[in-house]
Amino acid sequence: MKHQLITLPYETDALEPVISKLTVELHYGKHHKGYVDTLNTLIEGNEYESMTLGEIVKKAEGKLFNQAGQVLNHNLYWLQFGKNAGGEPQGKLAEAISKQWGNFEEFKKAFNTASTSLFGAGWVWLAADEEGKLSIESEPNAGNPYRKGLNPLLGFDVWEHAYYLTYYNRRADHVKDLWTIIRWDVVGDRYENPKQY
Ligand SMILES: [Fe+2]
């Protein structure tokens, strides 16, 4: 099947000033689109052509894994944001966070530390196992916890292309601000209704 670039559920300036219009235009319109296009080229006429995106992420290696992983990662990334978002998770996800880290502030602190200490390019994920137990997963490059059977709930892209135009080298400041655009209803739904990708 041919993979499609997702449609953003908001305008390109909706995430200002945390993710600038120009960053969305480049990060979504060039980088993300580029991963989708290259993925489609790489699966043409081989066994991966009939697989879902998630199946490719679980099975592929090397260049194909990198492209498929980045498509899934960015799909999850853009859809977790929104205008006038932020705040705190509710319901079952909030309970699970408190169980694991004591409270939301401690969880954020741990997530920020993981995001700033990841060396080079990669992703930091909040993920759940089959029992709903949460963990923070640091993944280099195109990594996604979906590959090891976990449910990816929330992902911070710490590649420089995600923040450099606005924050330059200040990754910690960008990560701190990302919390203000998180749609916890979306993240909570991923937790309560695990999806196959
Ligand atoms: Fe990215």
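Provided above is the structure to which this section pertains.
Calculation rules
- Residues numbered from 1 in each chain as written.
- Predicted model: local features only at pLDDT ≥ 70, side-chain atom pairs only at ≥ 80, totals over all residues.
- Heavy atoms only, no water.
- Donors = N, O, S within 2.8 Å, 3.2 Å for Na, K, Ca; no water.
- Tetrahedral: all angles 85-135°; square planar, octahedral: opposite > 155°, others 65-115°.
- Helix = DSSP H or I, 4+ residues; strand = E, 2+ residues; numbered from the N terminus.
- Contact = heavy atoms within 4.5 Å.
- Buried < 20%, exposed > 50% of the residue type's maximum accessible area, 1.4 Å probe, protein only.
- Pairing = 2+ DSSP bridges.
- Axes fitted to C-alpha atoms, helices over the stretch in contact; angles between N-to-C directions.
- Salt bridge = Lys/Arg side-chain N within 4 Å of Asp/Glu carboxyl O.
- 1 Å grid on protein atoms, 1.4 Å probe; cavity = no way out; pocket = protein on both sides within 12 Å on 5 of 7 lines; lining within 4 Å.
- Points joined across faces, edges and corners; volume = space filled by probe spheres on them.
- Nonpolar A, V, L, I, M, F, W, Y, C, P; charged D, E, K, R; others polar.

Visitor: Which parts of the structure should I look at to understand the coordination of the iron ion?
Guide: Metal coordination angles have textbook ideals: 109.5 degrees for a tetrahedral set of four donors and 90 or 180 degrees for an octahedral set of six. Coordination of the iron ion by the protein involves H27 (NE2), H74 (NE2), D157 (OD) and H161 (NE2), with metal-donor separations of 1.9 to 2.1 Å. One way to put it: the 4 donor atoms around the iron ion meet at angles of 92 to 138 degrees, and that makes the site irregular. Written as a sequence motif, the donor residues of the iron ion are H-x46-H-x82-D-x3-H. Residue H74 is located in helix α3 (residues 62-79), and its partner D157 is located in strand β3 (residues 151-157); the two are separated by 83 residues in the primary sequence.

Visitor: I keep staring at the side chain of S115 and nothing clicks. Help me out?
Guide: In this structure, S115 sits in helix α5 (residues 104-117). Once residues lying within four places of it in the same chain are set aside, the contact partners of S115 are V124, F156, V158, R171 and V175.

Visitor: Sorry if this is basic, but what is going on with the pairing of β3 here?
Guide: Walk down a regular strand and you will see the side chains alternate between the two sheet faces. β3 sits mainly inside the fold: 7 of its 7 residues count as buried. Relative to β3, strand β1 (residues 122-128) is paired through 6 bridges, and the arrangement is antiparallel. Counterpart to L126 in the pairing with β3 is L154.

Visitor: How should the sheet that holds strand β2 (residues 134-140) be read in this particular structure?
Guide: The strands making up a sheet associate through backbone hydrogen bonding, with each pair oriented either parallel or antiparallel. Ordered by their spatial adjacency, 3 strands build an open sheet running β2-β1-β3, and the pairing between neighbours is antiparallel. Because the sheet does not close on itself, it has two edges, and the strands there are β2 and β3. Direction aside, the axes of adjacent strands within the sheet are offset by 25 degrees on average.

Visitor: Is there a simple way to explain the pattern of salt bridges in this structure?
Guide: Side-chain pairing between opposite charges can occur once the charged atoms of the two side chains come close. Considering all chains together, one arrives at 12 salt bridges under this definition. In this structure, K59 engages E47 in a salt bridge whose closest nitrogen and oxygen atoms are separated by 2.9 Å. Here K59 is found in helix α2 (residues 53-59), whereas its partner E47 is found in the loop between α1 (21-42) and α2, with 12 residues between them in sequence. K176 is the partner of D177 in a salt bridge, and the nearest nitrogen-oxygen pair spans 4.0 Å. Residue classification places D177 among the partly exposed residues on the basis of a relative accessible area of 24%.

Visitor: Help me out: how do you make sense of the layout of surface pockets in this one?
Guide: Gaps left between atoms show up when a probe the size of a water molecule is rolled over them. There is about 230 Å³ of room inside the largest pocket. Lining the largest pocket are 13 residues, with E130, G149, L150, N151 and P194 positioned closest to its centre. Residue composition of the lining of the largest pocket, grouped by class: 5 nonpolar, 4 polar and 4 charged.

These results come straight from atomic positions and should not be treated as a statement about function.
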